[in-house]
2 protein chains.
Amino acid sequence: MDQENIMNHGDDVHDIENEGLWDGKEIKRYLSEVSDKNITYKEPFLVKRTNTTSQIAIVGANVCPIESLDYEIVENELFKQDWRSRKKVQIFQYVLLKWAFALLIGLGTGIVGFFNNIAVENIAGFKLLLTSGLMSEHKYYKAFTAYAGCNVVLAAAAAVLCAFIAPAAAGSGIPEVKAYLNGVDAYSMLAPSTLFVKIFGSILGVSAGFVVGKEGPMVHTGACIANLLGQGGSRKYHLTWTWLRYFKNDRDRRDMITCGAAAGVAAAFRAPVGGVLFALEEAASWWRSALLWRTFFTTAVVAIVLRAFIQYCSTGKCGLFGQGGLIMYDVSSATSTYSGPDILAVIFLGIIGGILGSIYNYFVDKVLRTYSIINERGAVSKILLVIAISLLTSCCSFGLPWLAKCISCPTDLTVSCPTVGESGNYKGFQCPTGYYNDLASLFLNTNDDAIRNLFSTSTKNEFHISSLFIFFGAIYCLGIITYGIAIPAGLFIPVILAGASYGRLVGRLFESISTLDMGLYALLGAASFLGGTMRMTVSLCVILLELTNDLLLLPLVMLVLLISKTVADNFNKGVYDQILKIKGLPYLDAHAEPYMKHLVARDVVSGPLITFSGVEKVGNILHALKTTGHNGFPVIDEPPFSDAPELCGVVLRSHLLVLLKGKNFSKDRVVTGADVFQRFAAFDFSKAGSGKGIKLEDLDIEEEEMEMYVDLHPITNASPYTVVETMSLAKAAILFRQLGLRHMCVVPKSQGRPPIVGILTRHDFMREHILGLNPQYNE
Amino acid sequence: MDQENIMNHGDDVHDIENEGLWDGKEIKRYLSEVSDKNITYKEPFLVKRTNTTSQIAIVGANVCPIESLDYEIVENELFKQDWRSRKKVQIFQYVLLKWAFALLIGLGTGIVGFFNNIAVENIAGFKLLLTSGLMSEHKYYKAFTAYAGCNVVLAAAAAVLCAFIAPAAAGSGIPEVKAYLNGVDAYSMLAPSTLFVKIFGSILGVSAGFVVGKEGPMVHTGACIANLLGQGGSRKYHLTWTWLRYFKNDRDRRDMITCGAAAGVAAAFRAPVGGVLFALEEAASWWRSALLWRTFFTTAVVAIVLRAFIQYCSTGKCGLFGQGGLIMYDVSSATSTYSGPDILAVIFLGIIGGILGSIYNYFVDKVLRTYSIINERGAVSKILLVIAISLLTSCCSFGLPWLAKCISCPTDLTVSCPTVGESGNYKGFQCPTGYYNDLASLFLNTNDDAIRNLFSTSTKNEFHISSLFIFFGAIYCLGIITYGIAIPAGLFIPVILAGASYGRLVGRLFESISTLDMGLYALLGAASFLGGTMRMTVSLCVILLELTNDLLLLPLVMLVLLISKTVADNFNKGVYDQILKIKGLPYLDAHAEPYMKHLVARDVVSGPLITFSGVEKVGNILHALKTTGHNGFPVIDEPPFSDAPELCGVVLRSHLLVLLKGKNFSKDRVVTGADVFQRFAAFDFSKAGSGKGIKLEDLDIEEEEMEMYVDLHPITNASPYTVVETMSLAKAAILFRQLGLRHMCVVPKSQGRPPIVGILTRHDFMREHILGLNPQYNE
């Protein structure tokens, strides 16, 4: 490209790749541009408030794309010699290290998971013992004050951590991990500070008695641990090992984070196979069979770590942590034969679960949008919102049990009733000795214990129908209004709680015709509601089976999941997909949309293109880097380097920065070729850890150097994936998504034109962009 | 393309696409051509004998590729209007039908699976009762004659079925299903005759006392049932429904066959989740999340069907079929705590399993190559081989128990000892009353019962060490020499049997320091040997857990699988991959080979190209179809239809045949465009059932029509996937494999040349082809 050309292009700041600058300003301009054209689409929440620092906006605002899975060519083209010269030992090291990292991820996540459980059991246990102690002395107001006070303090602590240190740690974390594995790296999403807040915020939040779980946060924690290991050490603290450089590419990092997510599920539910399946079904966008294998190893390590800790704690060395810490319910004593009416009840449960699940998703969506308006007003608003919800939760938990009548203890018990001095099945609350309050048994317990109570078998009449109904209503509503406040909050536990309670309710309805145990109904209810909200099937099924340790339930659980998912899919999307959309993360679906079939690649190429010549003037490069946010630039060979202009390949911004930093310039426009590798080691070009790459400001180019030339050929990816401009957009989208690309070149169909029409990026496949350019396909 | 051109090209019979003609002659020429160049590669077995009708050769010789997953463009380009005009009802029908088919596959496979079990239990049970009856009367020779006679008759019947009706039904079937799902449709692999022989041959073979399983055949059976449903009815029998035409494309068929394979595993092991994972980990090459969901539904149906049948049979209505029919072992009564020494024993087991597994694979490979020489001599040789192996098996089963000493029956039994009049744990054989022969308990039982005996818990001293050793040695060797004979033969059961017996052996070795139960050791031994031969992890783990119904074993099973797979992977490939290779099926691996990184797409393009003009002379097309076996032809638009020659797209042979059959010709060279759809319905172009498409001989073109023109534009896929000739071959291979392509166009990099350089097909990515053209990368 000659100078004149680049001047023309350089002045234009329109982006080929908005993904490179997927920040508030960019999104705002892009979306308002789209809405100018009067398109009716459900606009992401972000469009209204993009210049703020709200939690949601921050997540949406700092999206920078991770490198494409296409990275292999860098290795191929750039390091061909290098790779050949690598010793076998190094390759062995590389493979061994992958396994070592999987081991470390497993160990780390297992330990954190167990620590989380011990902490929650002890903090919440202490709080509940204090309350029940005061209750048994009939000091009701004092008990409420103590209970609500503890809750508010814990909640406020969690909110402070979240608001001031890592706003990205709020919420479940599963949508963010899902987005990362799809290729969207939201800034600070997996940073060490996020990890810290996620761990402690989750402990405080769960202990504070919120209707939240620790499962989503555990998945996020696992991913953070994996990311930390994948950073390749820290230059700041001089922790750089030679061998860590092997992992400086996106594929290995992505693999590790997949392992981390699986480990998180395995640690949360003690479900190693479920963890693998979760990573496969819900989290990952690309999957390789080698990954299955490594993920499986990671979750096995988690299972072994947890088992070792539990054996250690079974001797009573872990304070209030009993068997209860890790959820593990045993319904296997229940009967496992079933007949026609049972199946009917199960189908009914599935339908109910689907309907309730889609309603739940609808309201979670609405509440999230409302809360983000509050949250964006600043840290104080966030904390006040958390305290308000905490007080409301305390009032419900403490107030609603007064509605329940005292029930006389059953006589054939092996445990004490009412339970004194420990968390248990039968809470005395206000009742006299020999009686228990069934609602208090559910409300004034940790969530895990409440689920265990609901899942308990052979306790048909433990809970009154009215109590179950009240509990279900309260948990359903509290679950909806709790998600979205500034604490780490999982969705699994609220959903399981609500599902189990209506499961038992349905069980009571079908009492006369069905022989299934109430504990089993609770399990099936939980399955139906999970299916209705999360819309997973196989992984949920396996997680539930691993939780309950009874494979004979399989057909029933499968049936209920299938029905509830099918019903709910008619109304809206899964809850994680909804959250992804609200956060404005540019998620690429695996399949092409129908309207894409009527378009070709050319139809979505937008804006003028900035290209470089094979041997380019330094000043031109610097100007292009400064004035655009593009991450990839096509390189075009022109005479005298080729007979006619032809596409040489694509250079990445990060590689250009390294090259410029090295100052390997020449006065004349000549091909210097592989000389560049006398100055650089191949690894200098490999991807840096987050925030550790060379920045534009780090360059120190003198005035006379601006007029010198630099040969781009050595760092050009000479094999970019290309499509012809008349390629069906649906097919181009599938190519882009399946191969995990970041840049895709569109080349002209006919000859005698410039050798490249444009570059397609993730941005160009987004629904809003396409329909903005082609409004006729709006439906 | 003008006439002169086509004459030049037409005379040359070198194929662009050998896949279209992947028959014996083609392979022979291609391979000999490669070996002429003095390349040392491990040549597939086929090269030596390609003009024969041996079972293996037939499989290898009739490979025709199934249509690419790329099919969607056909819908897109060809049926754009059509799709738009389809009513919502039709789409709903389509979706509903997919589920209905999944249901049917599940039902069908479940019923066949159960029928198989009942038949085997009754036939084998009758045979064993007869033998033990004669034994208890001390008529030893008569007993042997009866036993061996029954075996030989059953075996011969299976061999006759296999040799005369469907040679493709021999063997496991899993490699073939794997190849189909990779895109290789070996002719008659999934035909109704194969299904018939697979079902009955498997029953006869297993009943004949061979060391074979019914698991592989069940997978194949499931796939056959799915394929049958996907054929879209039969024109021959006037069974054509309008709605069945929706499934006339490869993606839907492939999806259904994936479901079928999963259903097969689910039916064989009663392991629905394991079935899904097996389909995912081992069988499928492409996977969509929608498929997970549908596969899961299919296996759930299988589980429910099996459960219903078992409940029905539990009342004793199924003859000799007891609890034993479907393998389901309960080791859950065994202790589930373990300590350091136990882990050590497990690691030891894993290593042993890996080594034994790779040795097993090595010998299976050798034996298969030897047997195929025998098998190709004709049906009689095949049958004689089966009879010989049957006699050998009978001698071992009946002879070896004489080496065991009689053991006095344990006193604390709930079952009778020795068992009389039913299949059971303690076989009397030659022993006096009150004593049993432990080797006979293993040998003279069905394989399922033998496994159950080995897995039984709290029976530490039931088997002598020497007996276990003899049994292990015999089964290991018999397993190796049995696979490859002309009967349907699964590999799972022999491997589990051998593994369980050395597992118990190792258990006895570690007796002094380990507290694990012997039944558990048997399970872990089976796991280690399975891992060492099949090299699956997650699916095996889940299958074993579903078999034994105890999730607490998970960490140990995971560990043993990981170790044995890792150890064995150092020596050779998994057994199914080896069989695929021996059968000469062109399987595409998911990853690119290292040498591909040094090549570009142009390097593997071979032979002159046959192209058509946008409006082509009928004679030229006919000539090209007659003289080549290509399945896809590039269409090039030339002046006056475009300014310069440009690539219009690719036409498929099958579509050309339909077009020619329709005789929509014109005298002049003009674009007739979409007029063609007044003559054709869109569905006329959709894929026909196997063997139902139009053949070249069906065409009846008059002499004067040969000089007329036909417009190819309406049937041209105008969006073929293309790569530039300088694209790294590794990246081109990944593109080809990931998107499941059948044809990939290579376009020139520089301008002013013909618009297409060549077409790459599956053939061009085969190791032998690439290294033949580029011998310098041979290692």
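This structure is a prediction, so every number in the text was calculated from the model and none was measured.

1. Structural notes on the overall build of chain A
Regarding its fold elements, chain A presents 28 helices and twelve strands. Taking the intrachain contacts of chain A between residues at least 6 apart in sequence as the baseline, contacts between residues at least 24 apart amount to 79%. By element, 60% of the accessible surface of chain A is carried by carbon and sulfur atoms, the whole surface being about 27,600 Å².

2. Digging into the side chain of B:Ser390
All names here are of chain B. Turning to its location among the elements, Ser390 is positioned in helix H15 (residues 379-399). By relative accessible area, Ser390 is classed as buried at 1%. For Ser390, the contacting residues outside a window of four places in its chain are Asn151, Val152, Ala155 and Phe210.

3. A few points about the packing of aromatic side chains
One pass over the structure, following the stated rule, counts 42 aromatic pairs over all chains. A ring pair is formed by A:Phe472 and A:Tyr502, whose centres lie 5.6 Å apart and whose planes are at 80°; its orientation type is edge-to-face. Of this pair, A:Phe472 sits in helix H18 (residues 465-482) while A:Tyr502 sits in helix H19 (residues 492-509); the two residues are 30 residues apart in sequence, bridging distant segments of the chain. Here A:Phe472 matches A:Tyr502 in class, with each residue buried. Following the ring pairs from residue to residue traces out a cluster consisting of A:Tyr140, A:Phe144, A:Tyr147, A:Phe398, A:Trp402 and A:Phe429. A cation sits over an aromatic face here: B:Arg737 above B:Trp286, 5.4 Å from the ring centre.

4. Focus: the sheet that holds strand S11 (residues 744-747) of chain B
Residue and element names in this part refer to chain B. What the three strands build is an open sheet, ordered S10-S11-S12; its pairing is mixed. With partners counted over all chains shown, the strands left at the sheet margins are strand S10 (722-724) and strand S12 (758-760), one partner each. Across this sheet, the average inter-strand angle for adjacent strands is 35°, counted without regard to direction. As paired strands, S11 and S12 are joined by three bridges and run antiparallel to one another. Bridge pairing in S12 links Val746 to Gly758. Each of S10, S11 and S12 touches helix H27 (residues 729-738); the most contacted strand, S11, lies at about 150° to it.

5. Comments concerning the environment of B:Pro432
Examined against the element boundaries, B:Pro432 turns out to sit in the loop between strand S3 (406-408) and strand S4 (435-437). Along the chain, B:Pro432 and B:Cys406 lie 26 residues apart, while their C-alpha atoms are 8.2 Å from each other.

6. Some thoughts on the confidence of the model for chain A
Residues and elements named next belong to chain A. Considering every residue of chain A, the mean pLDDT works out to 78; 79% of them sit at 70 or more. Considering only residues more than four positions removed or in separate chains, one finds that residues 1-85, a stretch of pLDDT under 50, has 210 contacts. With a pTM of 0.83, the predicted complex shows an ipTM of 0.81.

7. Topic: unusual backbone geometry
Residues and elements named next belong to chain B. One non-glycine residue, His138, adopts positive backbone phi at about 60°. A positive phi is found at Arg535, a non-glycine position, where the angle reads about 65°. Relative to the helices and strands, Arg535 resides in the loop between helix H20 (518-534) and helix H21 (538-548).

8. Brief notes about a negative patch on the surface
Taken together, the side chains of A:Asp700, A:Glu702, A:Glu703 and A:Glu704 make up a negatively charged region of the molecular surface. By secondary structure assignment, the location of A:Glu703 is in the loop between helix H26 (676-679) and strand S9 (709-711).

9. Describing the pattern of salt bridges
Tallied over the entire structure, the rule returns 29 salt bridges over all chains. Between A:Arg753 and A:Glu725 there is a salt bridge, with the nearest N and O atoms lying 2.7 Å from each other. Here A:Arg753, found in the loop between strand S11 (744-747) and strand S12 (758-760), pairs with A:Glu725, found in the loop between strand S10 (722-724) and helix H27 (729-738); they are 28 residues apart in sequence, far enough to count as distant. Between B:Arg452 and B:Asp449 there is a salt bridge, and its shortest N-O distance comes to 2.7 Å. Remark: B:Asp449 and B:Arg452 occur in helix H17 (residues 447-455); sequence separation between them is three residues, near one turn of the helix. The buried category is assigned to B:Asp449, whose relative accessible area is 8%. Each of A:Lys178, A:Glu282 and A:Asp577 takes part in one network of salt bridges that share partners.

10. Topic: the pairing of S11(B)
All names here are of chain B. In S11, alternate side chains face the same way, and those of Met744 and Val746 on one face and Cys745 and Val747 on the other are all buried. Two elements, S10 and S11, share three bridges in a ladder whose sense is parallel. The partner of Val724 across the bridge, within S11, is Val747. Once the chain exits S10 it traverses H27 before rejoining the sheet at S11, and the crossover so formed is right-handed.

11. Focus: empty space enclosed by the protein
The space that makes up the largest cavity amounts to roughly 620 Å³. In terms of lining residues, the largest cavity is bounded by 36 residues, among which A:Val747, A:Pro748, B:Val724, B:Val747 and B:Pro748 are the most central. Elements that contribute at least two residues to the lining of the largest cavity include exactly strand S8 (646-652) and S10 of chain A together with strand S8 (646-652) and S10 of chain B. Of all the elements, S8(A) adds the most residues to the lining of the largest cavity, at four residues. Each residue belonging to the lining of the largest cavity can be placed in one class, and the counts come to 21 nonpolar, eleven polar and four charged.

12. Looking at the pairing of strand S7 (residues 632-637) of chain A
Here is the key point about a regular strand: its side chains alternate between the two faces of the sheet. Residues and elements named next belong to chain A. Counting buried residues in S7 gives six out of six residues, a clear majority hidden from the surface. Of the strand pairs in this sheet, strand S5 (residues 612-613) and S7 are connected by two bridges, and their pairing is parallel. Bridge pairing in S7 places Phe612 opposite Val635. As judged from the six bridges shared by S7 and S8, these two strands associate in the antiparallel manner. When the sheet's bridge partners are listed, Phe633 is paired in S8 with Val651.

What counts and how
- Residues numbered from 1 in each chain as written.
- Chains lettered and ligands numbered in written order.
- Predicted model: local features only at pLDDT ≥ 70, side-chain atom pairs only at ≥ 80, totals over all residues.
- Heavy atoms only, no water.
- Helix = DSSP H or I, 4+ residues; strand = E, 2+ residues; numbered from the N terminus.
- Contact = heavy atoms within 4.5 Å.
- Areas by Shrake-Rupley, 256 points an atom, 1.4 Å probe, with all protein chains shown as cover.
- Buried < 20%, exposed > 50% of the residue type's maximum accessible area, 1.4 Å probe, protein only.
- Phe/Tyr/Trp six-rings, centres within 6.5 Å; stacked < 30°, edge-to-face > 60°.
- Lys NZ or Arg CZ within 6 Å of the ring centre and 35° of its normal.
- Pairing = 2+ DSSP bridges.
- Axes fitted to C-alpha atoms, helices over the stretch in contact; angles between N-to-C directions.
- pLDDT = per-residue confidence, 0-100.
- Patch = residues over 30% accessible without salt bridge, like charges linked within 9 Å, V, L, I, M, F, W, Y side chains within 5 Å.
- Salt bridge = Lys/Arg side-chain N within 4 Å of Asp/Glu carboxyl O.
- Lys, Arg positive; Asp, Glu negative; His and termini not counted.
- Charge placed at Lys NZ, Arg CZ, Asp CG, Glu CD.
- Right-handed = clockwise from strand over helix to strand, strands pointing away.
- 1 Å grid on protein atoms, 1.4 Å probe; cavity = no way out; pocket = protein on both sides within 12 Å on 5 of 7 lines; lining within 4 Å.
- Points joined across faces, edges and corners; volume = space filled by probe spheres on them.
- Nonpolar A, V, L, I, M, F, W, Y, C, P; charged D, E, K, R; others polar.

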